[in-house]
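# Topology and contacts: notes
Okay, here's what each chain looks like letter by letter:
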Amino acid sequence: MTTATADEQQAADGRTGHAADTHDLIRVQGARENNLDNVTIDIPKRRLSVFTGVSGSGKSSLVFDTIAAESQRMINETYSAFLQGFMPTLARPDVDVLEGLTTAIIVDQERMGANPRSTVGTATDVNAMLRIVFSRLGRPHIGSPQAFSFNVASISGAGAVTIDRGGTTVKERRSFTITGGMCPRCEGMGSVTDIDLTQLYDETKSLNGGALTIPGYSMEGWYGRIFGGCGYFDADTPIQDFTERELQDLLYKEPTKIKVDGINITYEGLVPKIQKSMLAKDRESMQPHIRAFVDRAVTFTTCPECDGTRLSEAARSSTIDGVSIADACRMQISDLAAWVRGLHEPSVAPLLKALGETLDSFVEIGLGYLSLDRPSGTLSGGESQRTKMIRHLGSSLTDITYVFDEPTIGLHPHDIQRMNDLLLRLRDKGNTVLVVDHKPEMIAIADHVVDLGPGAGTAGGTVCFEGTVEGLRASGTLTGRHLDDRAALKDGLRSPKGVLEVRGATAHNVRDVDVDIPLGVLCVVTGVAGSGKSSLIHGSVSGRDGVVAVDQTAIKGSRRSNPATYTSMLEPIRKAFAKANGVKPALFSANSEGACPTCNGAGVIFTDLAMMAGVATTCEVCGGKRFMAEVLEYTLGGKNISEVLSMPVSEAVRFFAEGDAKVPAALAVLRRLADVGLGYVSLGQPLTTLSGGERQRLKLATHMGEKGGILVLDEPTAGLHLADVENLLGLLDRLVDAGKSVIVIEHHQAVMAHADWLVDVGPGAGHDGGTIVFAGTPAELVASRATLTGRHLAAYVGA
C-alpha cells in the first residue's frame, strides 16, 4: 500500500479539480437591507475588494448589514441555546441567498468606549501583560498583578464566619486583605473634581424661592417635598442665612433614611447626589442642558496624590531598572517597545516576547506616538479603528473575512500608504478583505471594485459597476468620473481680516506653540496623524467665546430619533400644527401625547423570542405611521404630521417656504440640511439608519446655525465621496463669504489645495511632532516642498 505525498495529492487535485476549491466566491442574491434594491453580486475570496459610492448609496448596508451581519449571526448559532440567551440577538438580513461566507471580523469606526477608566493600555490588554511583568520583576515586590491595577482598590477586613464541618457548626475568626493599585484619593480616575458651589444655588434666595440652579431640581415635585419635610433646614430661609450645620446638611450630608409625609425615603446632600447622578456618566452621553451645567459647575484637576497616574504610592514604588509601571504607561509606545526589548529575564521570556510584539504592532500601524495611559475616549475615529486592528495583525488565522469601515479616516497621505501595506499583508495571508472607502489611494490597490449608487438614499442601492480599477475609470459612473479628480491651487486668495493669536499652547504633545490663525479666510490645519493638530486647535481655540467647534464624536440617537428631532426642527413644526388646528403641540409628537397607544409611537411592535432574533412587525393600528388616527386628521398646508415627516428635505424646503405652511424657523434648518447635501433624507428617517457620512453632515448642519464668528471643523470630509467633497468645498466657501472664519483640521488634499492659509503641524507624530513646521499659502508650501505634507500636496496638484 502506498501513501501519496501532499505534493502528489495536490497535483492529482489540480488535474481533477477538488470540490473544496470551487468555493472561491461570496455570493449575494436579492439583498434588500435598508435601501438596497434587490442587489445580486459575486465577491472574490482571498482578494481585496473595495466598495465605493456616494455617502448613503448602500455600501455599509451591503458589507456590514448583510454580509458581515449574516456571518456573525451564523457563528452565534453554533453556540448552545443557553449561551445564545446571553448574547446580542441578530436578525437575519433581508436577502434571498448568501453563500460562501467565512468568519467575519469587523473593524469599524465606532469610538472605543469612553468609560473614564478605559485607557489605550486597558483596551488592548497591554496593561494586563505589563502588570504581570511588574508583579514578577518589580522591586520591592508588592503583590500580585492586581496590585498594579488602578481599577482594583486595596481593602481589608476581619470578622467571624460560620462553617458547617462534619455535621457541626464551627465559628472561626477570619481576616482578608486585597492589595490593589488604585489611588485612594481619585479612585483610579487620575483627576479629582471640584464643584463650584455658586453654580448650584443663588444664596440670596430660599429653596422655595427658587435658589437651586441645578437642572431637574425643581421644588414643584419630590425635591420640594424632601427639602420641605427633612427638618434639617427651613426651605423658606435664604441660603446665605443658613447656619454652618444647615449648609453642611444641604450640601454634603451622607445618605440618611428619613420619613416625609409618612413615606420612607433617603435624603442625600447636593454634592454627593450630583457626583453619583451626573459625574459618574460619560460627558458625551449627557443631555445638552446637563452637559452645559457640568461644564459650568465642575472643574477637573489632576489628582495631587498620584499626579494623574491613577496608581497608589505602593504601585508606583515598585520599579524595574528604575522604571515604575506609571513611568512605563506614560512613555510613548515606540520608546516603551525599545525598553521592553532591553529586558532579558528568562523567567518571563514568553510574556516579554508577546508584549514586545504587541507594542511593535502599534508602531507598525502608525500609533507609536500614543501612550498606554491615554484615555481611550480621547482617540479619534481613525485611531480607534487602528487600535482595534492591532490584535489581528499577528494572528495566524487564515480564510477570515476582514471588514473595514473607511480605514483611511484621520490619516495623512503619508500614513495611508502604510495602511495599504497592512491591508495587503492581511490579504496575502489568505484572507478576504472587504473595505468601504472613498479615497483614490485606497481604491487604487483593490483587486476588485464594487461601485454602488447612482445616488444616495432611495436614489441609490444598486450596483453601478463591478470589476477592476481600470474598468472603473472607464465606466462613466460618478466614482469613475471623479477618481482622477485633482483640485487645483486657487488663483485668488482671500485677505485676512485680523488674526486669532495662540500663545504658549501645550495640550498633549504640543510644545509651547505660538501661532497666528488668520480670520475671515479658510484656514486648514494639517500634519501627519498624531502630530498635534487637534490638540492645538481644540486645546487653544475651541473653548473661546464666539467659537463653534464641530468635532468627530458620533451623534447618539435611538430608533425614535430622526433629523427633525435631532436638529430641534420638530419644535416649530409642532407649534405650527397646534396653532393651525387649535390644539396642544404635544399631540404632534410620536414620543408624547400623539403616540399610537398600541405601539407607543414606535410604528412597529417588537416580539422578543429569547435567544432567537426578535421579530418586528408593522403596527396594525397606525400602519407604521406612529400617530393616533385622530392626530392624523389635523393638517397644515394640506398635509398631516406623518406626511410631513416622510417628506425629503428638498421637498420640505418648498413646503415650509410659502402659503399656510410657512414656518421660518423650520425653513432655516431645512436650508442648512440641503446646503450640506442631505436634500434626499426624509425628516422622520431614524438616525440609526443614517450612514457615518450622513451623520457627520447632519451634525455640521446643526452647528452651522449657532451664533459664533469662528467655525472649527474636525475632518468634515470623513465619510464623503469624491463628488461630495466638491460640494463641501462650495459650502466652506459660502460660509467664509458670509463672514465666518472657518478653521478646518483636515488631511484631504483637495481641502488643503482649496485653502487660503495652511498651518502644518509636525514634523512627525507624538514627541516628534507638536511644532509648527509651516504656515503660509498652499502655493508657498508646494513650491518649497519643505514638509512631508508639502511633498504629498505637490504630487497631488501635479506641481
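Numbering of residues starts from 1 in every chain and runs along the sequence as written. Restriction of local features to residues with pLDDT of at least 70 applies here, the model being predicted, together with a cutoff of 80 or more for giving and counting side-chain atom pairs; totals for whole chains, interfaces and linings are based on all residues. Hydrogens and water molecules were not included; the side-chain quantities draw on all heavy atoms of the structure.

### A closer look at the environment of glutamate 33
Within the element layout of this structure, glutamate 33 appears in the loop between strand S1 (25-31) and strand S2 (39-44). Not counting chain neighbours up to four residues away, the residues in contact with glutamate 33 comprise Ser61, Asp65, Thr66, Pro93 and Asp94. A 3.5 Å cut-off defines polar contacts: any pair of N or O atoms within that distance qualifies, except that in protein one atom must be a possible hydrogen donor and the other a possible acceptor, and neighbouring residues in sequence count only when both atoms are side-chain atoms. Within the structure, the side chain of glutamate 33 is placed 2.8 Å from the backbone nitrogen of aspartate 94, a separation counted as a polar contact. Each helix corresponds to a stretch of at least 4 residues labelled H or I by DSSP, and each strand to a stretch of at least 2 residues labelled E; elements are numbered beginning at the N terminus. The contact definition used throughout considers only heavy atoms, calling two residues in contact when any of these lie within 4.5 Å.

### What about the side chain of glutamate 694?
Relative to the elements of secondary structure, glutamate 694 occurs in helix H25 (residues 692-704). Think of it in three bands: residues with accessible area under 20% of the maximum for their type are buried, residues over 50% are exposed, and the middle band is partly exposed, with areas taken using a 1.4 Å probe on protein chains only. Just so you know, the count uses Lys and Arg for positive and Asp and Glu for negative, and it drops His and the chain ends. Salt bridge, as applied in this entry: a Lys or Arg side-chain nitrogen positioned within 4 Å of an Asp or Glu carboxyl oxygen. Within the buried set, glutamate 694 has no salt-bridge partner at all; the shortest N-O distance to an opposite charge, 5.1 Å, is to arginine 697. Among the polar contacts made by the side chain of glutamate 694, one reaches the side chain of tyrosine 680 at a distance of 2.5 Å.

### Focus: unusual backbone geometry
Look at the link from arginine 139 to proline 140: it is a cis peptide, with omega at 0 degrees. On the secondary structure map, proline 140 appears in the loop between helix H5 (126-137) and strand S6 (155-165). A cis amide bond links glycine 453 to the next residue, proline 454, at an omega of 0 degrees. Along the chain, proline 454 turns up in the loop between strand S16 (448-453) and strand S17 (462-467). Here the phi dihedral of asparagine 34 falls at roughly 50 degrees; this positive angle occurs in a residue that is not glycine. By secondary structure assignment, the location of asparagine 34 is in the loop between S1 and S2. Using a relative accessible area of 46% as the deciding quantity, one classes asparagine 34 as partly exposed.

### Regarding the sheet that holds strand S24 (residues 710-714)
At least two DSSP bridges between two strands are needed for those strands to be called paired. Read from one edge of the open sheet, six strands run S21-S24-S25-S20-S26-S27, paired in mixed fashion. Because the sheet does not close on itself, it has two edges, and the strands there are strand S21 (547-550) and strand S27 (771-776). When the angles between neighbouring strand axes are averaged without regard to direction, this sheet yields 15 degrees. Across the sheet, helix H19 (residues 533-540) touches strand S20 (522-526), S24, strand S25 (741-745), strand S26 (757-762) and S27, and the angle it forms with S25 is around 145 degrees. Geometry is summarised by axes, namely lines fitted to C-alpha atoms with helices restricted to the contacting stretch, and by angles between N-to-C directions that run from 0 to 180 degrees.

### Some points on the sheet that holds S1
As a general point, the strands of a sheet are linked pairwise by backbone hydrogen bonds and lie either parallel or antiparallel. Pairing is antiparallel across the open sheet formed by three strands, whose spatial order is S2-S1-S4. This sheet does not close on itself; its edge strands, each paired only once, are S2 and strand S4 (97-99). Strand-to-strand twist across the sheet, computed as the mean angle between neighbouring axes with direction ignored, equals 10 degrees. As defined by bridge partners, S1 adjoins S2 across five bridges and the pair is classed as antiparallel. For alanine 31, the partnering residue across the bridge sits in S2 and is valine 39.

### A word on helix H29 (residues 788-797)
One turn of the α-helix equals 3.6 residues, which is why residues spaced by three or four share an orientation. Buried within H29 we find Thr789, Gly790, Leu793, Ala794 and Tyr796. The buried residues of H29 occupy an angular sector of 160 degrees when the element is viewed end-on, so they sit on one face. Where H29 is buried, its residues touch S20, helix H27 (749-754), S26 and helix H28 (778-784). Immediately downstream of H29, the backbone of glycine 798 shows phi near 75 degrees, a positive value. Think of the arc as the fan of directions from the helix axis to the C-beta atoms.

### Observations regarding the nonpolar core
Only buried residues count toward a nonpolar core, which is a set of Ala, Val, Leu, Ile, Met, Phe, Trp, Tyr and Cys residues joined through side-chain atoms within 4.5 Å. The biggest cluster of nonpolar side chains holds 70 residues, and the ones touching the most others in it are Ile573, Ile641, Phe656, Leu683 and Leu732. Of the residues forming this core, the biggest block, seven residues, is contributed by helix H26 (residues 722-737). Setting aside anything within four residues of it in sequence, one finds phenylalanine 656 in contact with Ile573, Leu636, Val644, Ala661, Lys662, Val663, Leu667, Leu670 and Leu683. Among the nonpolar cores identified, the runner-up in size contains 68 residues, and Phe134, Phe150, Val323 and Leu393 belong to it.

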